[in-house]
Amino acid sequence: MISRKEVLANLDGYDLKKAKVGVVASHSALDTCDGAISEGFRTVAVCQKGRERTFANYFKTQRDSSGNVVRGVVDEVVLVDKFKDAVHPSVQASLMDNNVLFVPNRSFVSYSGIDAVEDQFKVPLVGSRNLLRSEERGDERDYYWILEKAGLPFPKKVERPEDIDSLTIIKVHHKVKKLERGFFTAKDHDQFIEKSTELIKQGVIEEDFLKEARMEQYIIGPVFNLDFFRSPLEEKGEQLELLGVDWRFETSLDGYCRLPGKQQVELEEDGIIPEYTVCGHNMATLRESLLDPAYEMAEKYIEATKKHYDPGIIGPFCLQTCVDKDLNFYIYDVAPRIGGGTNVHMSLGHPYGNALWRREMSTGRRLSMEIRKAIEQERVDEIIT
Ligand SMILES: Nc1ncnc2c1ncn2[C@@H]1O[C@H](COP(=O)(O)OP(=O)(O)O)[C@@H](O)[C@H]1O
Ligand SMILES: [Mg+2]
């Protein structure tokens, strides 16, 4: 892990009056850029050649002669051959020369690799660099480990395929779509064998998929991604905020669900097993009696990260949950950074964030509001790692 001293030394070289907000142009980048513009920053998007048009063309900013934005959210584009070149020394140097505070999203980590993010990327990151690794399922101190330490509810782990005795989700990487899921479900060992054999045959999962697989109880209930924010700068009110709730559109699962049951069964008999590739998001709210437990979970998560991942979670994080028939939450995943579904409240804000801040408050905007406050209060060192 790059030393704190080195990151702070790099921050020292910044002219914070000219600070810009930078991001890898994928995942939640539009929300990040939109929020930064709303808070008066200029934005820098690191784009991959061939995938740059949304940012470099369609959302490019135009400013009037006084510098006010009249259109778009992306001021500057850094074009790289591959997203992983975001960590290339020359790209880093140009970001730092440009006073860029960088917001890590999942694409940044997935494409660059967690080792490079921890050890090579010297640009000040807004958020908790050391927690990013906890997302790598299967690592020793991954998010399940944190959840356990925090006493938080998560779906029961199934150790061996032979142990499957109720509906179980098997989480595996997709063999071809490397960054996607090759998830499937099974209710018993026979079905596990049947489905995994079919998926191996179809080239969806590797033959030795079990090595890396996580098997756990399937929670039957709706999915709520809770988009929280923790502000280390807040002194008068609560440091924890619920900004919004989103849920995902997943293909081909959602198409499956919109068919009559008989056809779903027929598809499955033909070996057509739904996939879980995220392709969009929607907004949700929670019944009010679920809010207290939601905050309670987030507080416990914050405490555990402070204890085990000093200085703890900073800024946005997302608890990905299912709620069962008895209204119990189960956390099946934790994003220790801006969530993937926050574009859903980009620019509009979300009922919870707006209610709290009395204006449109998206995650992107909240992030930049924190940066702005930190600059004003000369406390930027408290929100970067
Ligand atoms: N234990 C579970 N019970 C029910 N559904 C689950 C469970 N775990 C994951 N899912 C479903 O799988 C999707 C992806 O799960 P997740 O663990 O977040 O994988 P990834 O981080 O790779 O996207 C979720 O959106 C949810 O629909
Ligand atoms: Mg997830």
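Residues numbered from 1 in each chain as written. Chains lettered and ligands numbered in written order. Predicted model: local features only at pLDDT ≥ 70, side-chain atom pairs only at ≥ 80, totals over all residues. Heavy atoms only, no water.

**Remarks on the pattern of salt bridges**
Item 1. Overall, the coordinates contain 35 salt bridges when judged by the stated rule.
Item 2. R133 is the partner of D115 in a salt bridge, and the nearest nitrogen-oxygen pair spans 2.6 Å. Of the two residues, D115 is situated in helix α6 (residues 114–119) and R133 in the loop between α6 and α7 (143–150); the sequence distance between them amounts to 18 residues.
Item 3. Classification of D115 by relative accessible area gives partly exposed; the value is 46%.
Item 4. One salt bridge connects R337 with E135, and the closest N-O pair in it is separated by 2.5 Å. With R337 in the loop between β14 (329–335) and α12 (351–357) and E135 in the loop between α6 and α7, the pair connects residues that are 202 residues apart, well separated along the chain. (Salt bridge = Lys/Arg side-chain N within 4 Å of Asp/Glu carboxyl O. Helix = DSSP H or I, 4+ residues; strand = E, 2+ residues; numbered from the N terminus. Buried < 20%, exposed > 50% of the residue type's maximum accessible area, 1.4 Å probe, protein only.)

**Comments concerning the sheet that holds strand β11 (residues 240–252)**
Backbone hydrogen bonds are what pair the strands of a sheet, in a parallel or an antiparallel way.
Item 1. Pairing is antiparallel across the open sheet formed by 5 strands, whose spatial order is β12-β11-β10-β13-β14. Both edges of this open sheet fall to β12 (276–283) and β14, since each of them pairs with a single strand only. Strand-to-strand twist across the sheet, computed as the mean angle between neighbouring axes with direction ignored, equals 35°.
Item 2. Bridging between strand β13 (residues 315–323) and β14 involves 6 bridges; their strand directions are antiparallel. The residue bridging V323 from the neighbouring strand is F329, located in β14. (Pairing = 2+ DSSP bridges. Axes fitted to C-alpha atoms, helices over the stretch in contact; angles between N-to-C directions.)

**Re the sheet that holds strand β6 (residues 100–103)**
Item 1. Sheet architecture is open: 4 strands sit in the order β5-β2-β1-β6, paired in parallel fashion. Across the chains shown, the open sheet's two edge strands, defined by having one partner strand only, are β5 (76–80) and β6. Neighbouring strand axes in the sheet, compared pairwise and without regard to direction, differ in orientation by 25° on average.
Item 2. In the sheet, strand β2 (residues 42–48) pairs with β5 via 5 bridges, with the strands oriented parallel. Its bridge partner lying in β5, V46 is registered against V78.
Item 3. Each of β1 (20–24), β2 and β6 is contacted by helix α2 (residues 29–38), which is oriented at about 175° to β1, the strand it contacts most. (Contact = heavy atoms within 4.5 Å.)

**Brief notes about the domain arrangement of the protein**
Item 1. For the protein, the assigned domains are domain 1 (4–125), domain 2 (143–153 + 221–371) and domain 3 (161–217).
Item 2. Of note, the centres of domain 2 and domain 3, computed from C-alpha atoms alone, are 24 Å apart.
Item 3. Opposite the 12 residues of domain 2 that make contact, domain 3 presents 17 residues.
Item 4. Interface of domain 2 and domain 3: buried area, both sides summed, is about 1,100 Å²; carbon and sulfur atoms make up 50% of it. (Domains from an automatic or database assignment. Buried area = accessible area lost by both parts, 1.4 Å probe.)

**Concerning the site of ligand 1**
Item 1. If you check the shell around ligand 1, you find 18 residues, and the closest are K171, R181, I219, E250 and D333.
Item 2. R248 is positioned with one of its side-chain polar atoms (N or O) 3.2 Å from an oxygen atom of ligand 1.
Item 3. Its free accessible area being 540 Å², ligand 1 has 92% of it covered by the protein chains.
Item 4. Broken down by secondary-structure element, the contributors of at least two residues to the shell around ligand 1 are β7 (168–171), β9 (214–217), β11, β13 and β14.
Item 5. Taken together, the residues of the shell around ligand 1 break down into 9 nonpolar, 2 polar and 7 charged. (Near = heavy atom within 4 Å. Polar contact = N/O pair within 3.5 Å; in protein donor to acceptor, adjacent residues only side chain to side chain. Areas by Shrake-Rupley, 256 points an atom, 1.4 Å probe, with all protein chains shown as cover. Nonpolar A, V, L, I, M, F, W, Y, C, P; charged D, E, K, R; others polar.)

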